[in-house]
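# Observations on chain architecture
Single-letter residue listing:
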2 protein chains.
Amino acid sequence: MTGTEADHARHNARMLRIQQARAKMQARRTLERGLLIVHTGNGKGKSSSAFGMAIRSIGWGMKVGIVQYVKGSWETGEKNFFHAYPDLLTFEVMGEGFTWDTQDRARDIAAARAAWERSKELILDPDYDFIILDELNIVLRDDTLPIGEIVDFLKDRPLSKHICITGRNAKPALTELADLITEFGEVKHPFKAGFKAQKGVEY
Amino acid sequence: MTGTEADHARHNARMLRIQQARAKMQARRTLERGLLIVHTGNGKGKSSSAFGMAIRSIGWGMKVGIVQYVKGSWETGEKNFFHAYPDLLTFEVMGEGFTWDTQDRARDIAAARAAWERSKELILDPDYDFIILDELNIVLRDDTLPIGEIVDFLKDRPLSKHICITGRNAKPALTELADLITEFGEVKHPFKAGFKAQKGVEY
């Protein structure tokens, strides 16, 4: 056996042990139900990642509902794209722009309330398998909707579907309830190096 | 003016100041070129987030190439889904299974090499606007491909397209070169609570 062959043999033996350990681990995972998922943190990718799960779900024929709580100046690639799926995807852009653009607290509250009422309908509708509440965390952080009411509703949610809530500054009352939380950390951001928002990446 | 009205007026004035500050910040962002993007960390969402950018790009009519370096036991929702876009998306599942499943170091190296050769073709092909090299970081971490060769190629890459590289344990030689890095941190993972991998969420 050459040196490389011996290295490879050692590698292969080690991989067999890892495979066996992983099989054991997987056998212990038996639970299955709708998850409450939270994407938070200052880093980029929270909404993109939710959209990635949306297409994964559509690929399985699952029905997806998305409610966007903050509209910004969006004409977005994802909206252009998702509009091609009227049967499997409902895409509701319900929020107003960013609060610093509307400059109208009363209007922000009314828009967030309407978005939440629509979100509840989608969550309770047995046709939907995956619900994304995009940027809801921002609305909760700013107390534009009361966290208590939202958490109380989510505690009694149907467990037949996944719900993914995105936005920085997720409140502890929500994260305590969540099954899956990813914190998106910003390590390097092109804005800070003087880059504009670019198609495909930011919108 | 009632108390609430006064609160709202204060809020609105503050938002106006934020809006002005943001407009100034945005005016300073003038650079525009293909970004090198890295999704790393132990948390969930690195690939989903890249797929979310893929559909955003497709929504703008941009052409996307995806090379998957680690196949796992995938029959995935995203693969089912993306196969509906032969014109705007090339989806290459080139890697072997996880190294602990193949248990064949020589085969892993050959598969990774073939995937990298295909990746270079897509990166150099002027038709493509967005390239995703899914789980390339894993292959680099395990020295299945030499980091020096990959980084040298990426230093001279065409700047007309975005490239997104995913996978935990991104090497410093790569992150130094990147324009945008998000670290996906695991806060809560359903596997640890005994949940199985579920459709739409994990695959």
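Everything numeric here is computed off the predicted structure, so don't read it as measured data.

### Let's talk about the nonpolar core
Phe81(A), Phe82(A), Phe81(B) and Phe82(B) are the most contacted members of the largest nonpolar core, which totals 42 residues. Setting aside anything within four residues of it in sequence, one finds Phe81(B) in contact with Ile55(A), Ile58(A), Gly59(A), Phe81(A), Tyr85(A) and Ile55(B).

### A closer look at the sheet that holds strand S4 (residues 130-134) of chain B
Spatially, twelve strands are ordered S3(A)-S2(A)-S4(A)-S5(A)-S1(A)-S6(A)-S6(B)-S1(B)-S5(B)-S4(B)-S2(B)-S3(B) in an open sheet, and the strand pairing comes out mixed. Both outer strands of the open sheet, strand S3 (89-93) of chain A together with strand S3 (89-93) of chain B, are each paired with one neighbouring strand and no more. Taking each pair of neighbouring strands and ignoring which way they run, the sheet shows an average axis angle of 15 degrees. Pairing analysis gives five bridges linking strand S2 (residues 64-68) of chain A to strand S4 (residues 130-134) of chain A, with the strands arranged parallel. From the neighbouring strand, Val64(A) faces S4(A), where its bridge partner is Phe130(A).

### Quick notes on the domain arrangement of chain A
Split by domain assignment, chain A resolves into domain 1 (1-30) and domain 2 (34-193). In this structure, domain 1 of chain A and domain 2 of chain A have C-alpha centres spaced 40 Å apart.

### Considering the environment of Gly97(A)
Residue and element names in this part refer to chain A. Looking at the secondary structure, you find Gly-97 in the loop between S3 and helix H4 (99-102). Classification of Gly-97 as buried rests on a relative accessible area of 17%. The spacing of Gly-97 and Asp-108 is eleven residues in sequence and 8.4 Å in space, taken between C-alpha atoms.

### Examining the packing of helix H1 (residues 3-27) of chain A against helix H5 (residues 105-124) of chain B
Where H1(A) contacts H5(B), the two axes come as close as 8 Å, and the packing angle between them is 95 degrees. Overall, the two elements H1(A) and H5(B) adopt an arrangement that is roughly perpendicular. Of H5(B), the residues touching H1(A) (which contributes His8(A), His11(A) and Asn12(A)) are Arg105(B), Ala106(B), Asp108(B) and Ile109(B). Taken together, the residues that form the contact of H1(A) with H5(B) break down as two nonpolar, three polar and two charged.

### A few points about the interface of chain B and chain A
Quite often, the size of an interface is put as the accessible area lost when its parts meet. Of the residues lining the interface, 77 residues belong to chain B; the matching set on chain A comes to 77 residues. On the chain B side of the interface with chain A, the three residues burying the most area are Arg56(B), Trp60(B) and Lys188(B), jointly 12% of the side's total. There are four salt bridges connecting chain B and chain A. With its nearest N and O atoms 3.5 Å apart, the salt bridge here joins Glu32(A) to Lys196(B). Across the chain B-chain A interface, the total number found is 43 residue pairs in polar contact (both at pLDDT 80 or more). Elements with a minimum of two residues in the side of chain B that touches chain A: helix H1 (3-27), helix H2 (46-59), helix H3 (77-82), helix H4 (99-102), H5, helix H8 (172-177) and strand S6 (180-188) of chain B. Of the residues in the side of chain B that touches chain A, the class split is 31 nonpolar, 25 polar and 21 charged. With seven bridges joining them, strand S6 (residues 180-188) of chain A and S6(B) adopt antiparallel strand pairing. The residue bridging Lys188(A) from the neighbouring strand is Ile181(B), located in S6(B).

### A closer look at unusual backbone geometry
All names here are of chain B. Here the phi dihedral of Glu-135 falls at roughly 70 degrees; this positive angle occurs in a residue that is not glycine. Mapped onto the elements, Glu-135 comes out in the loop between S4 and helix H6 (136-141). Take Glu-135: its relative accessible area is 18%, and that puts it in the buried class.

### Let's talk about the relation of the copies chain B and chain A
Structural alignment of chain B on chain A gives an RMSD of 0.0 Å, achieved by rotating through 180 degrees and translating 0.0 Å along the axis. Taken together, the rotation angle and the small translation identify this as a two-fold axis. When C-alpha positions in chain B are compared against the rotation axis, the closest is assigned to Ser49(B), at 1.7 Å. Both copies share a contact surface, since 100% of the interface residues of chain B are interface residues in chain A too.

Thresholds applied
Residues numbered from 1 in each chain as written. Chains lettered and ligands numbered in written order. Predicted model: local features only at pLDDT ≥ 70, side-chain atom pairs only at ≥ 80, totals over all residues. Heavy atoms only, no water. Core = buried A, V, L, I, M, F, W, Y, C linked by side-chain atoms within 4.5 Å. Buried < 20%, exposed > 50% of the residue type's maximum accessible area, 1.4 Å probe, protein only. Contact = heavy atoms within 4.5 Å. Pairing = 2+ DSSP bridges. Helix = DSSP H or I, 4+ residues; strand = E, 2+ residues; numbered from the N terminus. Axes fitted to C-alpha atoms, helices over the stretch in contact; angles between N-to-C directions. Domains from an automatic or database assignment. Parallel < 35°, antiparallel > 145°, perpendicular 65-115°, else oblique. Nonpolar A, V, L, I, M, F, W, Y, C, P; charged D, E, K, R; others polar. Buried area = accessible area lost by both parts, 1.4 Å probe. Salt bridge = Lys/Arg side-chain N within 4 Å of Asp/Glu carboxyl O. Polar contact = N/O pair within 3.5 Å; in protein donor to acceptor, adjacent residues only side chain to side chain. Least-squares fit on C-alpha atoms with pLDDT ≥ 70 in both.

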